[in-house]
Amino acid sequence: MSSALDRLKNLTAQISSYELERKSNLKELERLFNTLKIDAKVSSFENLFEFKAINLSGISLSDEDLGMIKEGKYAQIIAIIYDKEAKVKNKNISLGYFGRAEKLDKALVREIVTFVLSWRFEKSFRTLEHYHNLLAQLKTDHNDES
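The following paragraphs examine the structure supplied in this document.

**Comments concerning the packing of aromatic side chains**
Reasoning step 1: In total, this model carries four aromatic pairs according to the counting rule given.
Reasoning step 2: Each ring, one from F33 and one from F45, has its centre 5.5 Å from the other, and the planes form 75 degrees; the classification is edge-to-face. One end of the pair, F33, is in helix α1 (residues 2–35); the other, F45, is in the loop between α1 and β1 (53–57), and twelve residues separate them in sequence.
Reasoning step 3: Using a relative accessible area of 11% as the deciding quantity, one classes F45 as buried.
Reasoning step 4: Ring geometry for Y74 and Y97: centres 6.1 Å apart, planes at 25 degrees, overall stacked. Here the residue Y74 occupies a position in strand β2 (residues 74–82), and Y97 occupies one in strand β3 (residues 90–100), the gap between them amounting to 23 residues.
Reasoning step 5: Connected via pairs of aromatic rings, a cluster forms that spans F33, F45 and F49.
Reasoning step 6: A cation over an aromatic ring shows up here: R100 above the ring of Y74, its NZ or CZ 5.5 Å from the ring centre.

Listed below in structure tokens is the structure:
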């Protein structure tokens, strides 16, 4: 009994930790949304999550060299939107252009990388919730058929 209770306590602590981190992440993401002037391209903070993906050029996002500058490249935050009505389904939109990557201040590079990773972190939660709701809908539909 104690083992099951301990597992439950650990699981509860982990879920609580994720939710606290998510709230903190959202606050930082919204701050960066304004600081990096993404708000000039996206009408509201919530609309930011309508994008399919957000990528970064000129600065690495890989585990081995996170935040490293790519020499000769331009730093830019690029959003990808999916339009099923358009002839070309995926469309790239520049959310922020920052110039030559090697000329950027290290603090700005850190904020740009933080913005992209924070968006991806929140987007993953929203995707998880979306699929959770779809599965719940299937279960409800299946029970209605029975």
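**Observations regarding the environment of F115**
Reasoning step 1: Relative to the elements of secondary structure, F115 occurs in helix α2 (residues 106–145).
Reasoning step 2: For F115, a relative accessible area of 0% translates into the label buried.
Reasoning step 3: Residues contacting F115, with those up to four places away along its chain left out, are L29, L32, F33, L36, I38, L48, I54 and I77.

Analysis parameters
Residues numbered from 1 in each chain as written. Predicted model: local features only at pLDDT ≥ 70, side-chain atom pairs only at ≥ 80, totals over all residues. Heavy atoms only, no water. Phe/Tyr/Trp six-rings, centres within 6.5 Å; stacked < 30°, edge-to-face > 60°. Helix = DSSP H or I, 4+ residues; strand = E, 2+ residues; numbered from the N terminus. Buried < 20%, exposed > 50% of the residue type's maximum accessible area, 1.4 Å probe, protein only. Lys NZ or Arg CZ within 6 Å of the ring centre and 35° of its normal. Contact = heavy atoms within 4.5 Å.

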